[in-house]
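Residue-level structural notes
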Amino acid sequence: MKFLFADTADTVDPSFDFERTRSLKQRRVHDDDEYPHEHLERAPYDGILLSRAAFSDHLRSGKYGAARSMRFRREGARVFLRYPEEQYAGSIVMGDCGAFSYRDAEFPLYSVDDTLGFYADGGFTHGCSVDHLIFDFEEDDRSPSDEAKRRQEITLTLASEFLETSLALGRTFTPVGVIQGWSAQSMADAAANLVKMGYRSLALGGMARSPTDDIERALHAITERIGLSRVAIHVLGFGKVEDAPRLARMGVTSFDTTSPLLRAFKDDRQNYFETDGERLGHYTAIRIPQASDDRHARASARARAVGQEELIRLENIALTAARGFAAGHGDLETVVDRILDYASIILWKDKRSEKSNLNDFAKLRAIYLRSLGERPWERCTCRVCRELGVEALIFRSTNHNKRRGFHNLAVFHELLKSQSKVAL
């Protein structure tokens, strides 16, 4: 089963100064930065999914601004992402129409011709048909809403037009029919319709926020209806990465997610991945935010009362303690206390009672003792951990956090490769 990374302009600055927490003044954003497949020795995924919503145009703004979006369409995805086919043989570049970005609109934001123009300019190997999200997922015996039925009809009508028009892109392009439905059986009906149209690659949509059990129910109904060998099945936006092996058992050939990277800085606890070859384990990153950032200096009444000068002093003590411990100096308990001396001021939550805050930091102390005490960065051989050491476990700047996300991608991809050998 192949893993596609859903790109959202995620790069790091290879010349970033971690001691001073800053980039060089002459750094050129994007041109001088590195994507995960550039920064690591091996690409930590089997392909990249690019959403139309990531690119700015006359209708909306995306992660990539207008100038870079125009450059993307001039250069194509592989040149823009520095992800050449000759270096990453067999890799996939898939596009989707960004349906989530117009989920509240009455109709899809983009036409079939416009979407295929985007795929053609980007040189995509695969492209999803234009769809309209259905958020309902009900039991099969419940009547669907009129809106759900309307959105499925729109999706199927556009899929038919998309498949016919996509012939102009040639045999190097694979059209992917998107399945939308309000129940397992309605999704099976949609899949059967798409196969009848002539699709040989399908994508299960609208379930990015659904429990894995619901996704499994939908996949079971789909594969029971159309068979496992007739089509390739992709799952769009699968975030429950621990459950990825369940997808393989259901006949899924590929899926996309950003979850391993996002967890590095958006999850409260599961920030740093580790694996024993069979399952994912997690560590919590050590939060030492930048005191020189006014947002942190004003974050709580405690921080405002202490003042930025004192915050910077405590920050330096915390960083020195963490780095010294990684180098073999200092007692673990004392080091964690120095880190919490700073964290208990800058991360203090004003709206909580003092007792609740103290309980939170007591729990955090135990978590930090494990994260630092078990020294997971020393067991990892990826470039991030080799070069950064304990910095990979420090929750701090974007360059700290995204590098940890790159590490997570590498760990997750290696685990998948050891568990599944199904190809798209």
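An account of the accompanying structure is given in this report. (Residues numbered from 1 in each chain as written. Predicted model: local features only at pLDDT ≥ 70, side-chain atom pairs only at ≥ 80, totals over all residues. Heavy atoms only, no water.)

Focus: the sheet that holds strand β4 (residues 126–128)
Whenever strands of a sheet pair, they do so through backbone hydrogen bonds, lying parallel or antiparallel. Strand order in the closed barrel formed by eight strands is β1-β2-β3-β4-β5-β6-β7-β8, with parallel pairing between adjacent strands. Each adjacent strand pair in this sheet contributes to an overall mean axis angle of 25°, direction not counted. Pairing of strand β1 (residues 2–6) with strand β8 (residues 254–257) involves four bridges; the strand directions are parallel. By the bridge assignment for β8, Phe3 is matched with Phe255. Strands β4 and β5 (174–179) of the sheet are contacted by helix α5 (residues 146–165), whose axis makes an angle of about 175° with β5. (Pairing = 2+ DSSP bridges. Helix = DSSP H or I, 4+ residues; strand = E, 2+ residues; numbered from the N terminus. Axes fitted to C-alpha atoms, helices over the stretch in contact; angles between N-to-C directions. Contact = heavy atoms within 4.5 Å.)

A short note on the packing of aromatic side chains
Within this structure, the stated rule accounts for 23 aromatic pairs. Between Phe3 and Phe255 the ring centres are 5.7 Å apart and the planes differ by 25°, which places this aromatic pair in the stacked class. With Phe3 in strand β1 and Phe255 in strand β8, the pair connects residues that are 252 residues apart, well separated along the chain. The structure contains a cluster of three or more aromatic residues connected by ring pairs, namely Phe55, Tyr64, Phe72, Phe80, Phe118, Tyr119, Phe124, Phe162 and Phe173. A cation over an aromatic ring shows up here: Arg52 above the ring of Tyr110, its NZ or CZ 4.0 Å from the ring centre. Against the face of Phe395 rests Arg287, its NZ or CZ located 3.9 Å from the ring centre. (Phe/Tyr/Trp six-rings, centres within 6.5 Å; stacked < 30°, edge-to-face > 60°. Lys NZ or Arg CZ within 6 Å of the ring centre and 35° of its normal.)

Section: helix α4 (residues 112–122)
Among the residues of α4, those classed as buried are Val112, Thr115, Leu116, Phe118, Tyr119 and Gly122. Down the axis of α4, the buried side of the element spans an arc of 150°, and every buried residue falls inside it. Where α4 starts, the residue carrying a side-chain oxygen 3.1 Å from the main-chain nitrogen of Asp114 turns out to be Ser111. Following α4 by one or two positions, Gly123 has its phi on the positive side, about 65°. (Buried < 20%, exposed > 50% of the residue type's maximum accessible area, 1.4 Å probe, protein only. Arc of directions from axis to C-beta. Polar contact = N/O pair within 3.5 Å; in protein donor to acceptor, adjacent residues only side chain to side chain.)

Digging into the layout of surface pockets
Considered as a void within the structure, the largest pocket measures approximately 1200 Å³ in volume. Around the largest pocket sit 43 residues that line it, and Ala6, Phe100, Ala208, Gly237 and Thr258 are the ones nearest its centre. Secondary-structure elements contributing two or more residues to the lining of the largest pocket are β2 (47–51), β8, α9 (259–266) and α16 (398–419). For the lining of the largest pocket, the element with the highest residue contribution is α9, accounting for five residues. Residue composition of the lining of the largest pocket, grouped by class: 16 nonpolar, 16 polar and 11 charged. Estimates place the volume of the second largest pocket at around 430 Å³. (1 Å grid on protein atoms, 1.4 Å probe; cavity = no way out; pocket = protein on both sides within 12 Å on 5 of 7 lines; lining within 4 Å. Points joined across faces, edges and corners; volume = space filled by probe spheres on them. Nonpolar A, V, L, I, M, F, W, Y, C, P; charged D, E, K, R; others polar.)

Remarks on the nonpolar core
Counting residues in hydrophobic clusters, the biggest one holds 127 residues, and the most contacted among them are Leu204 and Phe255. Among the elements that make up this core, the one with the highest residue count is helix α13 (residues 332–346) (eight residues). With sequence-adjacent residues up to four places away left out, Leu204 is seen in contact with Ile179, Met187, Ile215, Ala218, Leu219, Ile222, His234, Val235 and Leu236. (Core = buried A, V, L, I, M, F, W, Y, C linked by side-chain atoms within 4.5 Å.)

A word on the packing of α4 against α5
One can describe the packing of α4 onto α5 by two numbers: an axis separation of 10 Å at closest approach and a directional angle of 45°. The orientation of α4 with respect to α5, classified from their angle, is oblique. As for how α4 packs across α5, the hand of that crossing is right-handed. Contacts between α4 and α5 pair Val112, Asp113, Thr115, Leu116 and Tyr119 from the former with Leu158, Glu161, Phe162 and Thr165 from the latter. Partitioned by chemical class, the residues of the contact of α4 with α5 number five nonpolar, two polar and two charged. (Parallel < 35°, antiparallel > 145°, perpendicular 65-115°, else oblique. Left-handed = near helix turned anticlockwise from the far one by under 90°.)

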